Amino acid sequence: MDALETTTLPPERVDAYLRRIGAARPARPTEDALRELQMRHLTSVPFENLSIHLGEDIVLDESALVGKVVDRRRGGFCYELNGAFAALLRALGYEVELLQARVYGDDGRLGIPYDHLALRVRAEDGGGRAWLVDVGFGDHSTFPLDLDARDEQKDPAGVFRIAECSAPDAAGDLDVVRDGTACFRLERRPRVLADFTAGAWWHRTSPESHFTRGPLASLLTDGGRVTLSGRRLITTRDGAREERRLDDDAELLAAYRDHFGLRIDRPPVPLHPRP
(Lines give C-alpha, C1' and ligand atoms only; values in the text may rest on other atoms or scores of the structure.)
Protein backbone atom coordinates (compact mmCIF):
# COMPACT_ATOMS: atom_id res chain seq x y z
CA MET A 1 0.00 0.00 0.00
CA ASP A 2 1.29 3.42 -0.91
CA ALA A 3 1.84 5.75 2.06
CA LEU A 4 -1.01 8.02 0.93
CA GLU A 5 -3.36 5.38 -0.47
CA THR A 6 -6.76 5.12 1.21
CA THR A 7 -7.17 2.12 3.48
CA THR A 8 -9.01 -1.05 2.51
CA LEU A 9 -10.71 -1.12 5.93
CA PRO A 10 -14.48 -1.55 5.29
CA PRO A 11 -17.06 0.54 7.18
CA GLU A 12 -18.11 -2.26 9.53
CA ARG A 13 -14.49 -2.78 10.59
CA VAL A 14 -14.12 0.95 11.21
CA ASP A 15 -17.18 0.85 13.47
CA ALA A 16 -15.83 -2.18 15.33
CA TYR A 17 -12.46 -0.47 15.82
CA LEU A 18 -14.14 2.68 17.15
CA ARG A 19 -16.15 0.56 19.61
CA ARG A 20 -12.92 -1.10 20.72
CA ILE A 21 -11.44 2.26 21.74
CA GLY A 22 -14.70 3.75 23.01
CA ALA A 23 -14.77 6.54 20.43
CA ALA A 24 -17.61 7.99 18.39
CA ARG A 25 -17.19 8.24 14.63
CA PRO A 26 -16.09 11.82 13.90
CA ALA A 27 -18.26 13.73 11.47
CA ARG A 28 -15.11 14.98 9.74
CA PRO A 29 -11.37 14.17 10.00
CA THR A 30 -10.49 17.21 12.12
CA GLU A 31 -7.53 17.96 14.38
CA ASP A 32 -9.74 17.92 17.48
CA ALA A 33 -11.08 14.50 16.55
CA LEU A 34 -7.51 13.28 15.99
CA ARG A 35 -6.56 14.31 19.53
CA GLU A 36 -9.55 12.44 20.91
CA LEU A 37 -8.83 9.31 18.87
CA GLN A 38 -5.19 9.12 20.00
CA MET A 39 -6.12 9.58 23.65
CA ARG A 40 -8.87 6.97 23.42
CA HIS A 41 -6.52 4.49 21.78
CA LEU A 42 -3.86 4.97 24.46
CA THR A 43 -6.36 4.37 27.27
CA SER A 44 -8.00 1.33 25.62
CA VAL A 45 -5.36 -0.67 23.73
CA PRO A 46 -2.29 -1.70 25.73
CA PHE A 47 1.28 -1.50 24.57
CA GLU A 48 2.34 -5.14 24.99
CA ASN A 49 4.83 -7.68 23.68
CA LEU A 50 3.14 -10.88 24.84
CA SER A 51 3.11 -12.48 21.38
CA ILE A 52 6.89 -12.75 21.56
CA HIS A 53 6.68 -14.71 24.82
CA LEU A 54 3.64 -16.80 23.89
CA GLY A 55 5.14 -18.13 20.66
CA GLU A 56 2.68 -16.22 18.46
CA ASP A 57 3.61 -14.93 15.03
CA ILE A 58 3.58 -11.18 14.32
CA VAL A 59 2.27 -10.39 10.84
CA LEU A 60 2.70 -6.89 9.45
CA ASP A 61 -0.46 -6.93 7.39
CA GLU A 62 -3.22 -4.36 7.81
CA SER A 63 -6.02 -6.93 8.14
CA ALA A 64 -4.07 -9.03 10.66
CA LEU A 65 -3.09 -6.02 12.75
CA VAL A 66 -6.63 -4.66 12.93
CA GLY A 67 -7.90 -8.15 13.71
CA LYS A 68 -5.51 -8.50 16.61
CA VAL A 69 -6.62 -5.20 18.14
CA VAL A 70 -10.34 -5.44 17.36
CA ASP A 71 -11.27 -9.14 17.30
CA ARG A 72 -8.71 -10.61 19.67
CA ARG A 73 -8.82 -7.50 21.89
CA ARG A 74 -5.07 -7.50 22.19
CA GLY A 75 -2.47 -4.77 21.99
CA GLY A 76 0.98 -4.90 20.49
CA PHE A 77 4.18 -2.94 20.03
CA CYS A 78 4.86 -0.03 17.69
CA TYR A 79 4.61 -1.78 14.32
CA GLU A 80 1.31 -3.38 15.29
CA LEU A 81 -0.37 -0.52 17.12
CA ASN A 82 0.60 2.30 14.79
CA GLY A 83 0.07 0.05 11.76
CA ALA A 84 -3.50 -0.70 12.84
CA PHE A 85 -4.20 2.90 13.89
CA ALA A 86 -3.00 4.13 10.49
CA ALA A 87 -5.64 1.95 8.84
CA LEU A 88 -8.36 3.42 11.05
CA LEU A 89 -7.28 7.01 10.47
CA ARG A 90 -7.10 6.56 6.70
CA ALA A 91 -10.60 5.08 6.69
CA LEU A 92 -11.83 8.13 8.59
CA GLY A 93 -10.39 10.45 5.94
CA TYR A 94 -7.04 11.48 7.41
CA GLU A 95 -3.90 11.69 5.30
CA VAL A 96 -1.44 9.26 6.92
CA GLU A 97 2.22 8.45 6.25
CA LEU A 98 4.36 5.85 8.02
CA LEU A 99 7.72 7.12 9.29
CA GLN A 100 10.69 5.15 10.56
CA ALA A 101 12.63 6.15 13.64
CA ARG A 102 15.62 4.99 15.67
CA VAL A 103 15.18 4.98 19.43
CA TYR A 104 17.76 6.48 21.78
CA GLY A 105 18.96 4.02 24.41
CA ASP A 106 19.77 4.86 28.01
CA ASP A 107 23.38 5.39 26.94
CA GLY A 108 22.33 7.91 24.27
CA ARG A 109 23.13 5.57 21.39
CA LEU A 110 20.65 5.04 18.57
CA GLY A 111 18.99 1.71 17.95
CA ILE A 112 18.67 -0.15 14.67
CA PRO A 113 17.12 1.31 11.50
CA TYR A 114 13.34 0.79 11.50
CA ASP A 115 13.54 0.58 15.28
CA HIS A 116 10.20 2.32 15.62
CA LEU A 117 7.17 3.08 13.45
CA ALA A 118 5.40 6.43 13.94
CA LEU A 119 2.76 8.29 11.94
CA ARG A 120 2.63 11.66 10.21
CA VAL A 121 -1.00 12.71 9.95
CA ARG A 122 -2.76 15.65 8.34
CA ALA A 123 -6.36 16.60 9.10
CA GLU A 124 -8.97 18.17 6.88
CA ASP A 125 -9.01 21.46 8.81
CA GLY A 126 -5.27 21.78 9.48
CA GLY A 127 -4.21 23.73 6.40
CA GLY A 128 -1.56 21.11 5.65
CA ARG A 129 -0.13 21.03 9.18
CA ALA A 130 1.52 17.70 10.01
CA TRP A 131 1.07 15.92 13.33
CA LEU A 132 3.25 13.25 14.92
CA VAL A 133 0.76 10.60 16.00
CA ASP A 134 2.05 7.70 18.08
CA VAL A 135 0.07 5.08 19.99
CA GLY A 136 2.93 2.56 19.94
CA PHE A 137 5.80 3.98 21.96
CA GLY A 138 4.50 3.03 25.39
CA ASP A 139 4.84 5.94 27.79
CA HIS A 140 4.81 8.91 25.42
CA SER A 141 2.68 11.96 24.57
CA THR A 142 -1.04 11.69 25.26
CA PHE A 143 -1.92 13.91 22.30
CA PRO A 144 -0.42 14.38 18.82
CA LEU A 145 2.62 16.65 18.54
CA ASP A 146 2.93 19.42 15.96
CA LEU A 147 5.71 18.24 13.64
CA ASP A 148 6.27 21.73 12.27
CA ALA A 149 6.68 23.48 15.63
CA ARG A 150 10.15 23.87 17.13
CA ASP A 151 9.19 25.38 20.46
CA GLU A 152 8.10 23.47 23.57
CA GLN A 153 4.81 21.58 23.44
CA LYS A 154 3.14 20.89 26.77
CA ASP A 155 1.34 17.59 27.13
CA PRO A 156 -0.05 15.68 30.15
CA ALA A 157 2.94 13.33 29.77
CA GLY A 158 5.56 16.11 29.87
CA VAL A 159 7.09 18.88 27.82
CA PHE A 160 8.00 17.82 24.29
CA ARG A 161 10.11 19.47 21.64
CA ILE A 162 10.83 18.51 18.04
CA ALA A 163 14.30 19.60 16.95
CA GLU A 164 16.23 19.50 13.72
CA CYS A 165 19.05 16.96 13.99
CA SER A 166 22.51 18.49 14.11
CA ALA A 167 24.42 15.28 13.31
CA PRO A 168 26.11 15.48 9.86
CA ASP A 169 24.74 12.07 8.86
CA ALA A 170 21.16 12.96 9.82
CA ALA A 171 20.37 15.97 7.66
CA GLY A 172 16.62 16.48 7.54
CA ASP A 173 15.88 14.12 10.42
CA LEU A 174 14.09 15.22 13.57
CA ASP A 175 14.80 14.48 17.23
CA VAL A 176 11.74 14.01 19.42
CA VAL A 177 12.65 15.23 22.90
CA ARG A 178 10.71 14.76 26.14
CA ASP A 179 11.57 16.73 29.26
CA GLY A 180 15.03 17.43 27.86
CA THR A 181 15.83 13.82 26.90
CA ALA A 182 15.86 12.65 23.27
CA CYS A 183 13.40 9.79 22.73
CA PHE A 184 13.89 8.91 19.09
CA ARG A 185 15.25 10.22 15.79
CA LEU A 186 12.60 10.45 13.09
CA GLU A 187 13.12 10.32 9.34
CA ARG A 188 10.78 12.42 7.21
CA ARG A 189 10.68 10.09 4.20
CA PRO A 190 7.37 8.15 3.96
CA ARG A 191 7.58 4.37 4.25
CA VAL A 192 5.25 1.41 3.74
CA LEU A 193 4.40 -1.29 6.26
CA ALA A 194 6.54 -3.94 4.56
CA ASP A 195 9.63 -1.77 5.12
CA PHE A 196 9.41 -2.55 8.84
CA THR A 197 9.52 -6.35 8.48
CA ALA A 198 13.23 -6.70 9.31
CA GLY A 199 13.00 -4.37 12.30
CA ALA A 200 10.00 -6.25 13.69
CA TRP A 201 11.78 -9.59 13.17
CA TRP A 202 14.88 -8.33 15.01
CA HIS A 203 12.87 -7.01 17.93
CA ARG A 204 10.94 -10.25 18.37
CA THR A 205 13.93 -12.62 18.01
CA SER A 206 17.23 -10.99 18.99
CA PRO A 207 18.69 -11.45 22.48
CA GLU A 208 19.83 -7.82 22.12
CA SER A 209 16.24 -6.58 21.83
CA HIS A 210 14.72 -5.45 25.12
CA PHE A 211 11.39 -6.87 23.92
CA THR A 212 12.69 -10.47 24.06
CA ARG A 213 13.97 -10.20 27.62
CA GLY A 214 10.61 -10.33 29.33
CA PRO A 215 6.86 -9.83 28.87
CA LEU A 216 5.51 -6.30 29.19
CA ALA A 217 2.08 -4.67 29.15
CA SER A 218 1.40 -0.99 29.79
CA LEU A 219 -1.68 1.20 29.55
CA LEU A 220 -2.41 4.88 30.10
CA THR A 221 -4.99 5.38 32.86
CA ASP A 222 -6.90 8.27 34.34
CA GLY A 223 -4.22 10.21 36.19
CA GLY A 224 -1.41 7.73 35.60
CA ARG A 225 -0.35 4.42 34.10
CA VAL A 226 -0.45 0.71 34.90
CA THR A 227 2.42 -1.56 33.81
CA LEU A 228 3.05 -5.27 34.21
CA SER A 229 6.75 -5.95 33.62
CA GLY A 230 7.46 -9.64 34.05
CA ARG A 231 5.71 -10.31 37.35
CA ARG A 232 5.98 -6.75 38.69
CA LEU A 233 2.70 -4.86 38.68
CA ILE A 234 3.44 -1.13 38.78
CA THR A 235 0.71 1.48 39.13
CA THR A 236 1.15 5.24 39.16
CA ARG A 237 -1.57 7.77 39.86
CA ASP A 238 -1.16 11.49 40.46
CA GLY A 239 2.58 10.97 40.96
CA ALA A 240 2.24 8.16 43.54
CA ARG A 241 3.87 4.85 42.59
CA GLU A 242 3.02 1.39 43.89
CA GLU A 243 4.74 -1.87 42.99
CA ARG A 244 3.68 -5.43 43.77
CA ARG A 245 5.11 -8.80 42.72
CA LEU A 246 2.71 -11.44 41.41
CA ASP A 247 4.23 -14.86 42.06
CA ASP A 248 1.00 -16.84 41.64
CA ASP A 249 0.16 -17.71 38.02
CA ALA A 250 -3.58 -17.27 38.52
CA GLU A 251 -3.00 -13.84 40.02
CA LEU A 252 -0.75 -12.92 37.09
CA LEU A 253 -3.35 -13.95 34.49
CA ALA A 254 -6.04 -12.06 36.42
CA ALA A 255 -3.88 -8.93 36.37
CA TYR A 256 -3.51 -9.15 32.58
CA ARG A 257 -7.29 -9.52 32.32
CA ASP A 258 -8.40 -6.93 34.85
CA HIS A 259 -5.87 -4.15 34.14
CA PHE A 260 -5.33 -4.57 30.39
CA GLY A 261 -8.29 -6.59 29.09
CA LEU A 262 -5.84 -9.28 27.94
CA ARG A 263 -7.26 -12.79 28.23
CA ILE A 264 -4.47 -15.32 27.87
CA ASP A 265 -4.55 -18.95 28.99
CA ARG A 266 -1.00 -19.31 30.25
CA PRO A 267 1.74 -17.11 31.67
CA PRO A 268 4.11 -15.77 29.00
CA VAL A 269 7.62 -17.20 29.25
CA PRO A 270 10.56 -14.84 28.56
CA LEU A 271 12.15 -15.68 25.21
CA HIS A 272 15.61 -14.48 26.23
CA PRO A 273 15.49 -13.91 30.01
CA ARG A 274 17.68 -11.26 31.57
CA PRO A 275 20.84 -12.79 33.02
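Residues numbered from 1 in each chain as written. Predicted model: local features only at pLDDT ≥ 70, side-chain atom pairs only at ≥ 80, totals over all residues. Heavy atoms only, no water.

Participant: An account of the nonpolar core is needed here, citing residue identities and associated values.
Facilitator: Residues Tyr17, Leu37, Phe85, Leu89, Tyr94 and Leu119 are the most contacted members of the largest nonpolar core, which totals 47 residues. The set of elements that each furnish at least two residues to this core consists of α1 (11-20), α2 (31-44), α4 (62-70), α5 (78-91), β2 (95-103), β3 (116-122) and β4 (131-133). The dominant element in this core, judged by the number of residues it contributes, is α5, at 9 residues. Leaving out residues up to four positions away in the same chain, Phe85 has contacts with Tyr17, Leu37, Gln38, His41, Leu119, Val133 and Val135. (Core = buried A, V, L, I, M, F, W, Y, C linked by side-chain atoms within 4.5 Å. Buried < 20%, exposed > 50% of the residue type's maximum accessible area, 1.4 Å probe, protein only. Helix = DSSP H or I, 4+ residues; strand = E, 2+ residues; numbered from the N terminus. Contact = heavy atoms within 4.5 Å.)

Participant: With reference to specific residues and values, describe the pattern of salt bridges.
Facilitator: Across all of its chains, the model carries 27 salt bridges by this definition. Glu56 serves as the salt-bridge partner of Arg74, at 3.1 Å between the closest nitrogen and oxygen. In this pair, Arg74 is assigned in the loop between α4 and α5 and Glu56 in the loop between α3 (50-54) and α4, connecting sequence segments 18 residues apart. Residue class for Glu56 comes out partly exposed when judged on its relative accessible area of 25%. Close ionic contact of Arg232 with Glu243 constitutes a salt bridge, the shortest N to O distance being 3.4 Å. Here Arg232 is found in strand β12 (residues 232-237), whereas its partner Glu243 is found in strand β13 (residues 240-245), with 11 residues between them in sequence. Judged by its relative accessible area of 40%, Glu243 falls in the partly exposed class. (Salt bridge = Lys/Arg side-chain N within 4 Å of Asp/Glu carboxyl O.)

Participant: Please give an account of unusual backbone geometry that cites residues and values.
Facilitator: Residue Asp179 is not a glycine yet carries a positive backbone phi of 50°. Along the chain, Asp179 falls in the loop between β8 (174-178) and β9 (181-186). The phi angle at Asp238 is positive, at roughly 50°, despite the residue not being glycine. In this fold, Asp238 is placed in the loop between β12 and β13. Since its relative accessible area comes to 65%, Asp238 is described here as exposed.

Participant: Go over the sheet that holds β2, please, and point to the residues and values.
Facilitator: As summarised here, the arrangement of the 8 strands in space is β5-β4-β3-β2-β9-β8-β7-β6, forming an open sheet in which the pairing is antiparallel. Looking at strand neighbours, the two that pair on one side only are β5 (145-146) and β6 (153-155), the edges of this open sheet. Here strand β7 (residues 158-164) pairs with β8 via 5 bridges, running antiparallel. The residue of β8 that forms the bridge with Glu164 is Leu174. (Pairing = 2+ DSSP bridges.)

Participant: Describe the packing of α1 against α5, naming the residues involved and giving the relevant values.
Facilitator: Two elements in contact, α1 and α5, have axes separated by 10 Å at closest approach and are oriented at 120°. One element, α1, and the other, α5, form an angle in the oblique class. Crossing of α1 over α5 shows left-handed handedness. Taken together, the residues of α5 that come into contact with α1 (itself represented by Val14, Tyr17 and Leu18) are Leu81, Ala84, Phe85, Leu88 and Ala91. Partitioning the contact of α1 with α5 into residue classes produces 8 nonpolar, no polar and no charged. (Axes fitted to C-alpha atoms, helices over the stretch in contact; angles between N-to-C directions. Parallel < 35°, antiparallel > 145°, perpendicular 65-115°, else oblique. Left-handed = near helix turned anticlockwise from the far one by under 90°. Nonpolar A, V, L, I, M, F, W, Y, C, P; charged D, E, K, R; others polar.)

Participant: Tell me about the sheet that holds strand β11 (residues 224-229), and name the residues and values.
Facilitator: Overall, antiparallel pairing links the 5 strands, which are arranged β1-β10-β11-β12-β13 in an open sheet. At either margin of the open sheet sits one strand with a lone partner, and together these are β1 (47-48) and β13. Both β1 and strand β10 (residues 216-221) contribute to a ladder of 2 bridges, which runs antiparallel. Within β10, the position partnered with Phe47 by the bridge is Ser218.

Participant: Residues and numbers for the pairing of β12, please.
Facilitator: Pairing of β11 with β12 involves 6 bridges; the strand directions are antiparallel. Each residue of the ladder has a partner; that of Gly224, found in β12, is Arg237. Between β11 and the antiparallel strand that follows it, β12, lie 2 residues; Gly230 among them carries a positive phi value of about 65°. Bridge count between β12 and β13: 6 bridges; the pairing is antiparallel. Its bridge partner lying in β13, Ile234 is registered against Glu243.

Bear in mind that shape data such as this cannot, by itself, settle questions of function.
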